[in-house]
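Descriptive structure summary
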Amino acid sequence: MTRIALVTDQESLPIDYDMAPLVASCESLGLPVEIVNWDNPGIDWSRFELLILRSPWTYTDRLEEFLDWCRKVSSVSRLVNPLNAVEWNLNKSYLVDLQHYGVPIVPTEFIQKNASDVLSQIYSFIATHGNFREMVIKPSIGAYSKNVQRFPVDAVDRAVEHVVLLHSLGCDALIQPYFDSIDVYGESDLIFFKGKFSHAIRKGALLMADGTVNAPTAEFRKQREPGPDEIQVATAALSAAIRHLQLEEPLLYARVDLIRSHEGQPVVLEMEISEPSLSLPFCPGSEVRFAKAIAAAVERLQCFT
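None of these values were measured; they are calculated from a predicted model.

Thresholds applied
Residues numbered from 1 in each chain as written. Predicted model: local features only at pLDDT ≥ 70, side-chain atom pairs only at ≥ 80, totals over all residues. Heavy atoms only, no water. Pairing = 2+ DSSP bridges. Helix = DSSP H or I, 4+ residues; strand = E, 2+ residues; numbered from the N terminus. Axes fitted to C-alpha atoms, helices over the stretch in contact; angles between N-to-C directions. Buried < 20%, exposed > 50% of the residue type's maximum accessible area, 1.4 Å probe, protein only. Contact = heavy atoms within 4.5 Å.

Time to look at the sheet that holds strand S13 (residues 266-272). Here five strands make up an open sheet; going across it, the order is S11-S10-S9-S12-S13 and the pairing antiparallel. At either margin of the open sheet sits one strand with a lone partner, and together these are strand S11 (221-223) and S13. Taking the axes of each pair of neighbouring strands and ignoring which way they run, one obtains an average angle of 30 degrees across the sheet. Both strand S10 (residues 196-203) and S11 contribute to a ladder of three bridges, which runs antiparallel. Across the sheet, the residue bridging to Lys203 is Arg221, located in S11.

Structure representation (structure tokens):
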């Protein structure tokens, strides 16, 4: 029987709210799953036929160690989503690739660690994409809004200080406009299993104008029905990823985060195909659909072994 590892870590598991409903749904389908920590040196990864990345979120502070682990286990088992998807998706530079394939994204510019004039680069971005009042500076590699800050466009000096801080932490930085629509409509997260749309949530605004990060409340995430234009953009983003990565089959899981531009069009804020939270508790039935997608992956794996 195919053994399945749901990969997390000790620090992240308590905040992985998808895990319990997913495990219960897998067990109801007779799928033998085991919750394992990616950084546990005592695990023999070859005893699993399938390694499903769920919440190994300490990778943000241990990136090279995590990527080394991914490469190691990929040589003895099947990592899902696959290694090249993980390597590509963990750095938000993938947004440039999506744009190359015609996917509408939030305007984004990367400020490399070796940038000689951060100040002029930020001013140039504001001049080029000047139809906004605030901007967001974030690390190119990160999760859960860690080290993400929102600044008025007249606070460039503070923005530069934050870029310098990110560089000192070993990160490239990126700059994006802050679209006011997120304060009204929030962010739409669309989740797909095996390339098929499963469910979506509305997520409230995270970044407050005072620089703090909003603490989630009961109203922070709610199930919603996305519009056809949102499904179209999210599907285009996934198709672009498949094409770029030269994958032969749909991704087991994916999450595409959209916001509305000033013109009201959906644009990609982020696309998570490595280890995303999938908001299963907020959307009844989604945990069953995910478990069934895993069962289909297991069946396909058995056909080739």
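Here we come to the pairing of strand S9 (residues 187-193). Burial of S9 is extensive: seven of the seven residues sit out of reach of the surface. The side-chain alternation of S9 yields two buried faces, one formed by Glu187, Asp189, Ile191 and Phe193 and the other by Ser188, Leu190 and Phe192. Connecting S9 to the antiparallel partner S10 that follows it, the hairpin turn spans two residues, and Lys194 within it adopts a positive phi of roughly 55 degrees. By the bridge criterion, six bridges tie S9 to strand S12 (residues 253-260) in an arrangement that is antiparallel. Across the sheet, Asp189 pairs through a bridge with Asp257, a residue of S12.

Reading across the sheet, the four strands line up as S5-S8-S6-S7 and stay open at both edges, with antiparallel pairing between neighbours. What marks the edges here is a single partner per strand, and that holds for strand S5 (109-111) and strand S7 (149-152). Going from strand to strand, the sheet's axes swing by 30 degrees on average, the running direction of each strand aside. Across four bridges, strand S6 (residues 134-139) lies against S7 in antiparallel orientation. Each residue of the ladder has a partner; that of Val136, found in S7, is Arg150. The strands touched by helix H5 (residues 118-128) are S5, S6 and strand S8 (173-177); relative to S5, the strand with the most contacts, the crossing angle is about 175 degrees. The strands that helix H6 (residues 156-168) touches are S5, S6, S7 and S8; relative to S6, the one it contacts most, it runs at about 10 degrees.

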